Structures are given as structure tokens and as C-alpha cells.
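# Close look at the chain arrangement
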Amino acid sequence: MSAVSSRLPVFPWDKLEPYKATAAAHPDGIVDLSVGTPVDPVPELIQRALVAAANSPGYPTVWGTAELRDALTGWVERRLGARDVAHTNVLPVVGSKELVAWLPTQLGLGAGDRVAYPKLAYPTYEVGARLCGAEPVSYEDPTELDPAGLRLLWLNSPSNPTGRVLDKAELTRIVAWAREHGVLLFSDECYLELGWEAEPVSVLHPDVCGGSYEGVVAVHSLSKRSNLAGYRAAFLAGDAAVLGELLQIRKHGGMMTSAPVQAATVAALGDDTHVTEQRARYAARRTALRAALEGHGFRIEHSEASLYLWATRDEPCWRTVAHLAELGILVAPGDFYGPAGDSFVRVALTATDERVEAAVKRLG
């Protein structure tokens, strides 16, 4: 039997283990700024909603409750500026990573098809292409791609890892190009609520998509905005025909968001206060870390949004990783996100205030 794993790259985070051990040996302990996993508490109102729905003995539905779909459509209209969003335009998923990894397979892609994603990108876009046997293709500008055989185009704004934001004009141009060539466009917008020096815009905004969701789907997650990485709460919004097809496939595959998580998602999307409070925490950590890194000789590029600082000392990224590990600080090497990142590191803002303060002191 042919092992599917043979199609995949080495799991990148395994390569970081020796540097993690070095950082952990620091007398004051490790400051882990590598993975980007939330560390702050889940807001109380979300925990209460989860607990209140704990007595859920029956199977949940893949499409979610009517209350959940109301919450999704309402948030998409209110927060993204989208118009006339119906229940058929939304679909809950079990965290955004499983969606990214398995989307090409669920779309029926395979040998001879191409999946495109940014030159600096979340590695799971490539993994999704390889899992189904499609050809992964990276781009600098998607409109310069050969559209022949291109079945799926990934956008990511704000970007992981760089924090770059595509402005409204760029998004509009790319959406028009994708439609002209019959290329399905999925936009990963999981960091949209975390704009610092730019205001991220969704592909579902009418100025971008022209008020039509044809050929366009946005991916959103509650992992970062609401500290729900452990809940696996995410959703899609956009083209009803595409989401309807995915709904049928996911029903057969049993890809159901648990009932308590559905209830928690309703609570999370109905409250903006906790998002504002969490943004303030990240903003303070970002300000402190950026100043400390720049004082230590780093240059920060892009980083106008998202949960990361894209930093360089103009040297090979693993040399930078080793240098910071000696200070007890663990960061992600830029080449995890593509060869174009080989002189950068990604520094996450997801550490407690106490650990960020420790990093600042060490960098000083």
C-alpha cells in the first residue's frame, strides 16, 4: 500500500525541538513565541454557553443549528459589510485547519489540477494540495499565474506569517481575474479582526465582490479573536453552490461541530466586548516586542496586521532561531512558510504579559 504521508513534507515543527530544548534551559524559563497558540482565558460568557449546552446527547448537524446560522449570517453582514447573506451562504467547520487541509479533496481535485497559494504562506495550503495529488503552486501575484488547470486559488489577508494586508483595490482585481478564468477563490481571513496599521477587508465586501458571492468563499476562525483554538470553531461564508456541495460531502464524512461548541460560537459572535479587550492585550504585547526587537538589531517588515511580527537580521533564519534560543526565546524560522522566508523569523504575540516582559528584558 502507498503511504499518503510520503506525499507530504516533513512536519515543520519537529525541526524546532532542539532549539526549544535550548530555550527551555534558560534560568528564567522559555518564552515561546513560535506556534502562536492563544494563552489568555476563554471569555466567561463563552464558557457559560458551552457549559449550558453540555447536556447534548444527540448528534449535532453538519450545517449547525438555526441559531448558529443566524449568528454566522448576522456577523458576516455586521462585521464584514456583506449584504443579503442567507443560511445557504454559511457553513460551520471543525476548525479552519481541517478545512484548509481537506478542501481540495472535498472539491474532487486530483492529478492534473493545480492549487495556488502565496509564496510566503501557512504550510497547510500546500499540504491540502498534496493530500489529493494536485500540484501545489506558489505565487507572488496570482493574476500572473497560468490559469490552465488552476482549480483553487488561496488568498490570505492578513497574511500568516508576514501580516501583510491586501487592500480593497488588490482584492477587487484578484476576484475579477479569478472569475474571468473560472478559478474558485478561497480567502483565508482568520486574522481579519487584528488589523494594526491597516484595516483588513473581506472578499465578501460588496466593493470587492460586487455584491455577488459567485466563485468566492471566505474562511473565518474564532481561535484568535476569542481564544477558542481549543474549541475548533470556524466557518465558511460565500458562494451558496460551493457551500451546498461541501455540506453534502461533509454530511457523509461526519464533519460535525459539536453541539456545545456551536452554542459557544453563537455567544462569541454575539459579543464584541471580549474581542476589543483581547485586541488591547495583543496591541500592548506587539508594541513592547516590536520596540525590543528593533532595539536588538531586527528590522520588521509588513506586520501591519495579524498576531505576528515578521522580523529579520539579514542572516539565515536558523542562525537567528539559534541566537534567540540562547536567550531563552523560541521563534519560528521563516523558511517554514516558504523559501522566500529564509532570512526571516516569525515572532508570535501569543505569550502572557509576564513572558513578553521577560523577552523584552532579554532582548535589551
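Located above this text is the structure these notes cover.
Right, let's walk through the structure included here. (Residues numbered from 1 in each chain as written. Predicted model: local features only at pLDDT ≥ 70, side-chain atom pairs only at ≥ 80, totals over all residues. Heavy atoms only, no water.)

## Section: the sheet that holds strand β3 (residues 114–118)
The pairing of strands in a sheet comes from backbone hydrogen bonds and takes either a parallel or an antiparallel form. To be explicit about the condition: Whether two strands pair comes down to DSSP finding at least two bridges between them. Helix numbering and strand numbering both begin at the N terminus, where a helix is a DSSP run of H or I of at least 4 residues and a strand a DSSP run of E of at least 2. All axes are obtained by fitting lines to C-alpha atoms, using only the stretch in contact for helices, and the reported angles, taken between N-to-C directions, cover 0 to 180 degrees. Contact between two residues is taken to exist if any of their heavy atoms lie within 4.5 Å; hydrogens are not considered.
Read across the open sheet, the seven strands follow the order β2-β8-β7-β6-β5-β3-β4; overall the sheet is mixed. Each end of this open sheet is capped by a strand with a single partner; those strands are β2 (90–93) and β4 (135–139). Between one strand and the next, the sheet's axes are offset by a mean angle of 20°, whatever the strand orientation. Inspection of the sheet shows strand β6 (residues 184–188) paired to strand β7 (residues 216–221) by four bridges, in the parallel sense. Within the sheet, the bridge partner assigned to Leu 185 lies in β7 and is Val 216. Strands in contact with helix α5 (residues 124–132) are β3, β4, β5 (150–156) and β6; relative to β4, the strand with the most contacts, it is inclined by about 155°. Against the sheet, helix α6 (residues 168–180) engages β5, β6 and β7, with an angle of about 170° to β5.

## A few points about the pairing of β5
Side-chain direction in a regular strand flips from residue to residue, so the side chains alternate between the two faces of the sheet. Condition: Type-normalised accessible area, obtained with a 1.4 Å probe on protein chains alone, sets the label of each residue: buried when under 20%, exposed when over 50%, and partly exposed for intermediate values. Crossovers are marked right-handed if the path from the first strand over the helix to the second runs clockwise, as seen with the strands pointing away from the viewer.
Burial within β5 is extensive, with six of its seven residues counted as buried. Taken together, the three bridges between β3 and β5 define a ladder with parallel strand orientation. Residue Ala 116 lies in a different strand from β5, and its bridge partner there is Leu 153. Following the backbone out of β5, through α6 and into the adjacent parallel β6, one traces a crossover that is right-handed.

## Description of α5
Since the α-helix advances by 3.6 residues per turn, residues separated by three or four positions end up pointing in the same direction. Of all nine residues that make up α5, seven are buried, and the element is covered over most of its length. All buried positions along α5 are accounted for by Thr 124, Tyr 125, Val 127, Gly 128, Ala 129, Leu 131 and Cys 132. On the buried face of α5, the contacting elements are α4 (96–106), β3, β4, β5 and β6. Gly 133, located one to two residues past α5, shows a positive phi value of around 85°.

## Structural notes on the nonpolar core
Which entries qualify depends on this criterion: For the purposes of this section, nonpolar cores are sets of buried Ala, Val, Leu, Ile, Met, Phe, Trp, Tyr and Cys residues that join through side-chain atoms within 4.5 Å.
Grouped together as the largest cluster of nonpolar side chains are 60 residues, with contacts concentrated most on Trp 154, Phe 186 and Leu 236. With near-sequence residues (within four places) excluded, Leu 236 lies in contact with Asn 89, Val 90, Leu 91, Val 93, Leu 99, Phe 186, Val 217, Ala 218, Val 219, Leu 243 and Leu 246. Residues Trp 177, Leu 185, Tyr 213 and Leu 222 belong to the second largest nonpolar core, which totals 45 residues.

## With respect to the sheet that holds strand β9 (residues 299–301)
Here we have four strands laid out as an open sheet, ordered β9-β10-β13-β12, and antiparallel in their pairing. Of all strands in the sheet, those with a lone pairing partner are β9 and β12 (332–333), marking the two edges. Bridge count between strand β10 (residues 308–312) and strand β13 (residues 344–348): five bridges; the pairing is antiparallel. By the bridge assignment, Ala 311 is partnered in β13 with Val 345. The strands touched by helix α10 (residues 273–295) within the sheet are β9, β10 and β13, with β10 carrying the most contacts at an inclination of about 5°.

## As for the packing of aromatic side chains
As a reminder of what qualifies: Pairing of aromatic rings covers Phe, Tyr and Trp, the last through its six-membered ring, and needs centres within 6.5 Å; plane angles under 30 degrees mean stacked, over 60 mean edge-to-face, and all others mean tilted.
Counted according to the given criterion, the structure contains twelve aromatic pairs. Taken together, a centroid distance of 5.1 Å and an interplanar angle of 85° make the contact between Trp 13 and Phe 336 edge-to-face. Linking Trp 13 in the segment before α1 (17–24) with Phe 336 in the loop between β12 and β13, this pair joins segments that are 323 residues apart in sequence. Residue classification places Trp 13 among the partly exposed residues on the basis of a relative accessible area of 22%. Ring geometry for Trp 310 and Tyr 337: centres 6.5 Å apart, planes at 80°, overall edge-to-face. Of this pair, Trp 310 sits in strand β10 while Tyr 337 sits in the loop between β12 and β13; the two residues are 27 residues apart in sequence, bridging distant segments of the chain. Summarising the burial analysis for this pair, Trp 310 and Tyr 337 share the class buried.

## Topic: the pairing of β7
For β7, a buried count of six out of six residues is recorded, marking the element as mostly surrounded by other parts of the structure. Of the two faces of β7, the one holding Val 216, Ala 218 and His 220 and the one holding Val 217, Val 219 and Ser 221 are both buried throughout.

## Things to note about the side chain of Asp 239
Stated formally: Neither His nor the chain ends is counted toward charge; the positive residues are Lys and Arg and the negative residues Asp and Glu. Any Lys or Arg side-chain nitrogen located within 4 Å of an Asp or Glu carboxyl oxygen qualifies as a salt bridge.
Locating Asp 239 in the fold gives a position in the loop between β8 (234–238) and α8 (240–253). In this structure Asp 239 is buried but unpaired, with Arg 179 as the nearest side chain of opposite charge at 7.3 Å. Setting aside residues up to four positions removed in sequence, Asp 239 forms contacts with Tyr 213, Glu 214, Gly 215, Val 216 and Val 217.

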